[in-house]
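Residue strings, one per chain:
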Amino acid sequence: MPNTKVAMLEGKNLVGQRVLVAGDDHIAREITKAILEEQGFVVSIAENGLGMLSQFEKDKPNLILLDVEMPEMSGFEACERLRSLPGGENIPVIMMTGRDDAEDIERAYEAQATDFVSKPVNWAILVQRIRYLLRAAKTFAELERSQLRLISAQKMANLGYWDWEISNDKLYLSDQASQIVGHPFDAISSQEKYINVVHKEDLEFFIGEVNNSVLKGNPLEFEYRVVTAEGDVRCIRNVAEASAVDAENKPTWYMGTVLDITEQRRNEETIRRMAFYDAVTGLHNRTAFMEELTLLLSFHKRMGAQLAVVYLDIDDFKRVNDSMGHHVGDSLLKQFSDRLVLALRSSDVAARNDTSDMLARLGGDEFTLLLSSLRHQADAAIVATRIHEMLEEPFLLDVGVGNGAGKHELYVGASIGIAVYPHDGVDADELLKNADTAMYEAKRGGKSTYRFYVDDMNDRALERLDMESSLRGALDKGELSLDYLPQIDLITGQIIGVEALLRWNSPEFGVITPDEFISLAEDTGQIITIGAWVLEKACAQLKQWQEQGLSSLKVAVNLSSLQFRYGSKLEALVATTLEKTGLEAKYLELELTESIMMDDVEKGIVTLEALKAMGVIISIDDFGTGYSSLMYLQRFPVDTLKIDHSFVQGLGVNEGDAAIAYAVIVMGKSLGFNIIAKGVEEQAQLQFLRDKGCDVAQGFLFSHPIPGDQIPAFLEQFDLDALALRR
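Residue indices follow the written sequence of each chain, beginning from 1 at its first position. For this predicted model, a pLDDT threshold of at least 70 governs which residues receive local features, and a threshold of 80 or more governs which side-chain atom pairs are given and counted, while totals over whole chains, interfaces and linings are taken from all residues. The side-chain figures draw on all heavy atoms in the structure; neither hydrogens nor water molecules are used.

Engineer: How would you summarise helix H9 (residues 203-216) if you had to cite specific residues and measurements?
Structural biologist: Along an α-helix, residues three or four apart share an orientation, since each turn contains 3.6 residues. The end-to-end C-alpha separation of H9 is 20 Å, in line with the 20 Å expected for 14 residues at 1.5 Å each. The rule is simple: take the accessible area with a 1.4 Å probe, protein chains only, and divide by the maximum for that residue type; under 20% is buried, over 50% is exposed, in between is partly exposed. A helix here means a DSSP run of H or I that spans at least four residues, while a strand means a run of E at least two residues long, and both kinds are numbered starting from the N terminus. Turning to H9, its buried residues number three or more, namely Phe-206, Val-210, Ser-213 and Val-214. The arc that holds the buried residues of H9, viewed along the axis, is 100°, so those residues lie on one side. Seen from the open side of H9, the exposed residues pointing more than 90 degrees away from its buried face are Glu-204, Leu-215 and Lys-216. Only heavy atoms matter for contacts: two residues are in contact if any of them lie within 4.5 Å across the pair. The inward-facing, buried residues of H9 contact strand S6 (161-165), helix H8 (191-194), strand S8 (220-227) and strand S10 (251-260). Expected helix span is computed as 1.5 Å times (number of residues minus one). When we speak of the arc, we mean the arc of directions from the helix axis to the C-beta atoms.

So this is what it looks like as structure tokens:
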């Protein structure tokens, strides 16, 4: 994999570009600084909004990464003040927020931010966005300088000049003017000949501009295209004025200049595409879509016609990114958008002839489509059905690298929401929001389907109510169970522990993933009862294993945010459970995410210290995806950091993920923490973690989650070295 900064920056033009990182999180700043410096950027940092403004005056950076939540001055206020400073009007600003909600996004754009990213940060995409914005900023600056040079050149009339003697139609072009037009002098020695090189689409406009100016004796200044002798199309700016008149004050002679502005117009088109088109798919982006939707709503209001906004989301797209890599995800996005363009008839799409014009990628795996002048709402359902039909064929994706590269067939679905004007909204924002709501209803309704927006979305409420009712009885009916994921010591190769994972096998809904029912249990408060059952079940299971001779194992149990907020009740629960099961506290590991711990820092520290005093092990789960700071990390009585699987998946593929994983290992071990890596699935990932000093790993490379009664046999036959040799 190439590892030179010049290669990573796609040429020397971006090497040494200055990036200012502003945020109050020391760890996040340092990780960001390390990753960007590895990519060749020169990075300076600021601790808050005021510091950013001061550092901007000092360093004059090319781009600013600005956190939303900071003390003294928020990122929104800092961005607004920046725009009023000299040189701050056009500098690209990327705002970072830990809360991926519409309000923060709207406030970021109101503060005149250029872009925003949500935490946890996808570093590969962030680096590409930074490059993208730096290139756009550079092109914009070059365009401004080009315009200044153009004005000067026009005044000096030294880019290419021409004389036209009107009475006998003699046209003289200088050598440079002849080169600009792309024809020899004898081919364009008169106006009659010259019009033959004007682009046929501009010919009527050209003749009209010339005749109107000559008849009135007015100056000439307009743009048009010519076709060179080689067939190239060039854009020309023509500037002239009458240099002689007859006794009746009618012009007899015109003198002027020609300027080739092809490159300027090309740059403007590039900037326009950057501003209004998605780089991955080539479709319109959110900005262009919202502008077009607003215009079409005005038209449909006058005509009294219906218009539909169709909102599409690729089902389980995150799984593709996580398991196959973002390059495969981008390829899927491109193929998906191409298939949409081919599948939709031009009559289905509003206004323009190019069907892709009214398709847009809003971001991530979300797309939108406009259907104009609907006769019936059912017409939108026909389009949604056709989209689902087109997804019945698999996508063929290039997966892997080197000898392991190959084609992979992938089937994906799409959840679709539909909002119709004027019934479901009368402005662009309302229609898009309601279409989005309907899309999520489709996703909750089983994915690969569509839903029309209705005011109360009854389907969602009924489905949620049914699942909530079933979950209330799941524990008593024996529908909940635990599987265990082994954890391997990377030094000894031995299994030293397991993580308890909750499963729900519902007779009504089938196998339900924790992602679906854990949030429901938290919302309804059932997680307290379920969590207590999980804790006791896991501790009792480990005690049973110990009695069978497996004395070295420990068990890790995940805590929910609601459990952790219970504070003293949680402490009592843990103490009672340990006493009831007879398990020593040192064999129990409690896992919490960064975000849970940061909800109420001071109260959290008290709770953790009480648990730690019992002798249990405390672990931070999914480390690197939240927003804990080094200061708090040192205050928390924590034993273990678990590297999030999203970073582990990128090892050997994404240098940013590798840098983060290594930084967590080095930082964690320097602070005395044990380091566990989650989601290890490839031998290369295991080798990286071993080489960098990671202590423990878990993932499908070693084993899938298995029932408790199978753990003793698995431990007996497990051999890490033999596993490595087989793969």
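Engineer: Just give me the short version of the sheet that holds strand S9 (residues 233-245), but keep the residues and values in it.
Structural biologist: Strand pairing requires that DSSP identify at least two bridges connecting the strands. The strand order across the open sheet built from five strands is S7-S6-S10-S9-S8, with neighbouring strands paired in antiparallel fashion. The open sheet has two free edges, formed respectively by strand S7 (170-173) and S8, since each of these has just one partner strand. Averaged over all pairs of adjacent strands, the angle between their axes in this sheet comes to 25°, without regard to strand direction. Sheet strands touched by H9: S6, S8 and S10. Its angle to S8, the strand with the most contacts, is close to 150°. Think of each axis as a best-fit line through the C-alpha atoms, taken over the contacting stretch in the case of a helix, with angles from 0 to 180 degrees between the N-to-C directions.

Engineer: Talk me through the nonpolar core; I want residue IDs and the actual numbers.
Structural biologist: In terms of nonpolar packing, the biggest core is built from 103 residues, with Leu-65, Leu-588 and Leu-590 touching the most fellow members. The dominant element in this core, judged by the number of residues it contributes, is helix H18 (residues 527-547), at eight residues. Beyond its immediate chain neighbours, meaning those up to four positions away, Leu-590 contacts Leu-535, Val-557, Leu-559, Val-574, Leu-611, Val-616, Ile-617, Ile-618 and Ser-619. By nonpolar core is meant a set of buried Ala, Val, Leu, Ile, Met, Phe, Trp, Tyr and Cys residues that side-chain atoms within 4.5 Å join together. Membership of the second largest hydrophobic core comes to 34 residues, among which are Leu-312, Phe-336, Ala-343 and Ala-414.

Engineer: Any details on the pattern of salt bridges? Residues and values, ideally.
Structural biologist: The salt bridge definition used is simple: a Lys or Arg side-chain nitrogen within 4 Å of an Asp or Glu carboxyl oxygen. Under the definition given, this model contains 26 salt bridges. Here Arg-265 makes a salt bridge to Glu-223, at a shortest N to O gap of 2.5 Å. Taken as a pair, Arg-265 in helix H10 (residues 262-276) and Glu-223 in strand S8 lie far apart in primary sequence, 42 residues in all. Among the charged side chains, a network of salt bridges with common partners joins Glu-223, Arg-237, Arg-265 and Glu-268.

Engineer: I'd love a proper account of the sheet that holds strand S16 (residues 414-421), names of residues and values included.
Structural biologist: Whether parallel or antiparallel, the strands of a sheet pair through hydrogen bonds between backbone atoms. The strand order across the open sheet built from five strands is S12-S13-S11-S16-S17, with neighbouring strands paired in mixed fashion. In this open sheet, the two strands that pair with only one neighbour each are strand S12 (359-363) and strand S17 (450-452). Taken pair by pair, the neighbouring strands of this sheet meet at an average axis angle of 25°, ignoring direction. In the sheet, S16 pairs with S17 via three bridges, with the strands oriented parallel. Bridging from a neighbouring strand, Ile-418 pairs with Phe-452 of S17. Helix H14 (residues 378-390) contacts strand S11 (306-314), strand S13 (366-374), S16 and S17 of the sheet and is inclined by roughly 165° relative to S16.

Engineer: An account of the packing of helix H3 (residues 49-59) against helix H4 (residues 75-83) is requested, with residue identities and associated values reported.
Structural biologist: Interaxial distance between H3 and H4 falls to 9 Å at its minimum, and their mutual angle equals 25°. On the basis of their axis angle, the class for H3 and H4 is roughly parallel. Handedness of the H3/H4 crossing: right-handed. Facing H3, whose interface residues are Gly-49, Leu-50, Met-52, Leu-53 and Phe-56, H4 presents Ala-78, Arg-81 and Leu-82. Of the residues that constitute the contact of H3 with H4, the class distribution is six nonpolar, one polar and one charged. An angle below 35 degrees is read as roughly parallel, one above 145 as roughly antiparallel, one from 65 to 115 as roughly perpendicular, and any other as oblique. Note on convention: near helix rotated counterclockwise from far helix by under a right angle means a left-handed crossing. Clockwise means right-handed. Under the convention adopted here, Pro, Cys and the residues Ala, Val, Leu, Ile, Met, Phe, Trp and Tyr are nonpolar, Asp, Glu, Lys and Arg are charged, and Gly plus all remaining residues are polar.

Engineer: Describe the side chain of Asp-202, and please don't skip the residues or the numbers.
Structural biologist: Examined against the element boundaries, Asp-202 turns out to sit in the loop between H8 and H9. With residues up to four places along the chain from it excluded, the contact list for Asp-202 reads Tyr-224 and Arg-225.

Engineer: Please provide a residue-by-residue account of the packing of helix H2 (residues 26-38) against helix H25 (residues 655-670), values included.
Structural biologist: Look at H2 against H25: their axes get within 10 Å of each other, and the N-to-C directions meet at 135°. Here H2 lies oblique to H25, going by the angle between them. H25 is crossed by H2, and the crossing has right-handed handedness. In this structure, H2 uses Ile-27, Ile-31, Ile-35 and Glu-38 to contact H25, whose residues at the interface are Glu-655, Gly-656, Ala-659, Ile-660 and Met-667. For the contact of H2 with H25, the per-class residue count stands at six nonpolar, one polar and two charged.

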